[in-house]
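Structure at a glance
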Amino acid sequence: MPRTLITGGAGFLGSHLCDRFIAEGHEVLCMDNLVTGNTDNIAHLFERPDEQFKFIHHDVTDYIHVSGELDYVLHFASPASPADYLRLPIQTLKVGALGTHKALGLAKAKDARLLLASTSEVYGDPLVHPQPEDYWGNVNPIGSRGVYDEAKRFAEAITMAYQRYHGVETRIVRIFNTYGPRMRLDDGRALPTFMGQALRGDPLTVYGDGSQTRSFCYVNDLVEGIYRLLLSDENEPVNIGNTEEITIKAFAEEIIELTDSGSTVTYEPLPQDDPQVREPDISKAQRTLDWSPQVERRDGLRKTLDYFQDAVEASTTA
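Below is a short write-up of the structure. Here the structure is a predicted model, which means the values were calculated and not measured.

**Overview of the pattern of salt bridges**
Side chains that carry opposite charge are capable of pairing whenever their charged atoms lie near each other. Counting across every chain of the model gives 24 salt bridges. A salt bridge links R182 to D19; its shortest N-O distance comes to 2.8 Å. Of the two residues, R182 is situated in the loop between β7 (178–179) and α6 (190–200) and D19 in helix α1 (residues 12–23); the sequence distance between them amounts to 163 residues. Of the residues examined, R182 reaches a relative accessible area of 18% and is grouped as buried. A relative accessible area of 22% places D19 in the partly exposed class.

**A few points about the packing of α6 against helix α8 (residues 248–259)**
Interaxial distance between α6 and α8 falls to 9 Å at its minimum, and their mutual angle equals 40 degrees. Our classification of the angle between α6 and α8 gives oblique. Read as a crossing pair, α6 and α8 show a hand that is right-handed. Of α8, the residues touching α6 (which contributes A190, L191, F194, M195, A198 and L199) are I248, F251, A252, I255, L258 and T259. The class makeup of the residues in the contact of α6 with α8 is 11 nonpolar, one polar and no charged.

**Here's the deal with helix α4 (residues 89–110)**
Its 22 residues give α4 an end-to-end C-alpha distance of 31 Å, which sits within 8% of 32 Å, the value for a rise of 1.5 Å per residue. Along α4, the sharpest kink reaches roughly 35 degrees, centred on V95. The complete set of buried residues in α4 reads T92, V95, G96, G99, T100, A103, L104, L106 and A107. In this structure, the buried residues of α4 make contact with β1 (3–7), β4 (72–75), α3 (82–87), β5 (113–119), α5 (146–166) and β6 (170–175). Remark: D111 follows α4 within two positions and exhibits a positive phi of approximately 55 degrees.

**Focus on unusual backbone geometry**
Residue P130 is bonded to the preceding H129 through a cis peptide linkage, with omega at -10 degrees. Looking at the element boundaries, P130 is found in the loop between β5 and α5. One non-glycine residue with positive phi stands out, namely R182, at about 85 degrees. The backbone of D260 sits at a positive phi, close to 55 degrees, despite the residue not being glycine. Within the secondary structure, D260 is located in the loop between α8 and β13 (265–268). Residue classification places D260 among the exposed residues on the basis of a relative accessible area of 71%.

**Here's the deal with the nonpolar core**
L74, F76, L191, I226 and I255 are the most contacted members of the largest nonpolar core, which totals 54 residues. Tallying contributions element by element places helix α7 (residues 219–231) first for this core, with seven residues. With residues up to four places along the chain from it excluded, the contact list for L74 reads T4, L5, I6, T7, L17, F21, L115, I226 and L230. V66, V73, A77 and A112 belong to the second largest nonpolar core, which has 23 residues in total.

**Considerations on the pairing of β6**
With six of six residues buried, β6 lies mostly within the body of the structure. The alternating pattern of β6 places T170, I172 and R174 and R171, V173 and I175 on opposite faces, both of which are buried. Note: β5 against β6, six bridges, orientation parallel. Its bridge partner lying in β6, L115 is registered against R171. Here three bridges tie β6 to strand β11 (residues 238–240), and the two strands are oriented parallel to one another.

**A short note on the state of the cysteines**
Tallied over the entire structure, the rule returns zero disulfides. Summary of cysteine pairing: C30 is not part of a disulfide, and the nearest cysteine sulfur, belonging to C18, is at 4.1 Å. Unpaired in terms of disulfides, C217 finds its nearest cysteine sulfur in C18, a separation of 19 Å. Residue C217 is classed as buried on the basis of its relative accessible area, which comes to 0%.

**Observations regarding the sheet that holds β5**
Spatial strand order, β3-β2-β1-β4-β5-β6-β11: seven strands in an open sheet with parallel pairing. Pairing within the sheet leaves two strands with one partner each, and these edge strands are β3 (53–57) and β11. When the angles between neighbouring strand axes are averaged without regard to direction, this sheet yields 20 degrees. Its contacts with the sheet place α1 against β1, β2 (27–32), β3, β4 and β6, and it is angled at close to 170 degrees to β1. Strands in contact with α4 are β1, β4, β5 and β6; relative to β4, the strand with the most contacts, it is inclined by about 175 degrees.

Analysis parameters
Residues numbered from 1 in each chain as written. Predicted model: local features only at pLDDT ≥ 70, side-chain atom pairs only at ≥ 80, totals over all residues. Heavy atoms only, no water. Salt bridge = Lys/Arg side-chain N within 4 Å of Asp/Glu carboxyl O. Helix = DSSP H or I, 4+ residues; strand = E, 2+ residues; numbered from the N terminus. Buried < 20%, exposed > 50% of the residue type's maximum accessible area, 1.4 Å probe, protein only. Axes fitted to C-alpha atoms, helices over the stretch in contact; angles between N-to-C directions. Parallel < 35°, antiparallel > 145°, perpendicular 65-115°, else oblique. Left-handed = near helix turned anticlockwise from the far one by under 90°. Contact = heavy atoms within 4.5 Å. Nonpolar A, V, L, I, M, F, W, Y, C, P; charged D, E, K, R; others polar. Expected span 1.5 Å × (residues − 1). Bend = angle between axes of the 7 residues up to and from the residue. Core = buried A, V, L, I, M, F, W, Y, C linked by side-chain atoms within 4.5 Å. Pairing = 2+ DSSP bridges. Disulfide = S-S within 2.5 Å.

Structure, rendered in structure tokens:
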């Protein structure tokens, strides 16, 4: 049975990865300090009758010790939404730098393959559209978003250094906007914010004039791409995301229609360095992983709606 450590495993993406790797027959060690993760996301795994899942409450910026052998390390520990990394700037920088260093050191010691969760944010506010992996980006290193952007850019650099200098087997996934069940209502990203506002009947908050674009990938598609990348021979960054681009204004209107809400749209000033466009070039993933997203955005939103209805109801009765 392969043995896999998933840092940030109690978060939105990490918890879905725990599910997938358990389903693939792995023994999964889930490590999280619960700064932005939540054990509710993995509660169903504690109820398993076997020894296939273990939760470790630990901050990966400290020394990481895991007894026994490891085959894979998936490093997903990090605040990932603007609301979180603007609230936790130092922690975000530390987990991207120190946490990645510790995860790589563990992979080296265990002779394990490491997959780094990077992000489309390494492209910043891109001047190339859509964004291919060989685009170096347009990032403001001292802007408010730089704490996340530069943490991930450093994480990629040290991952490649460990691969080249120490011979550690590494993979890097650049994740574009992803959505699905287990997103926090208050995480500040467009989908949970719009869902919460629409289901409560509140105005939906759009920043700027809403002409900026995003492309949204359903979580199951993302997990499939990550799994294929981990097992592939591709050792340089790979974009994983959906190419169906939509303006934020149109996306807000789509959520209002989906939820049958009477909400309207309100506009607020655009935050500093907010990207104007965001769409992955996934030709590399198609070529090397035989991967493409399978879930249409509207279908994925319908799959996600029940979760957010329950989350909004729970938040109003708490």
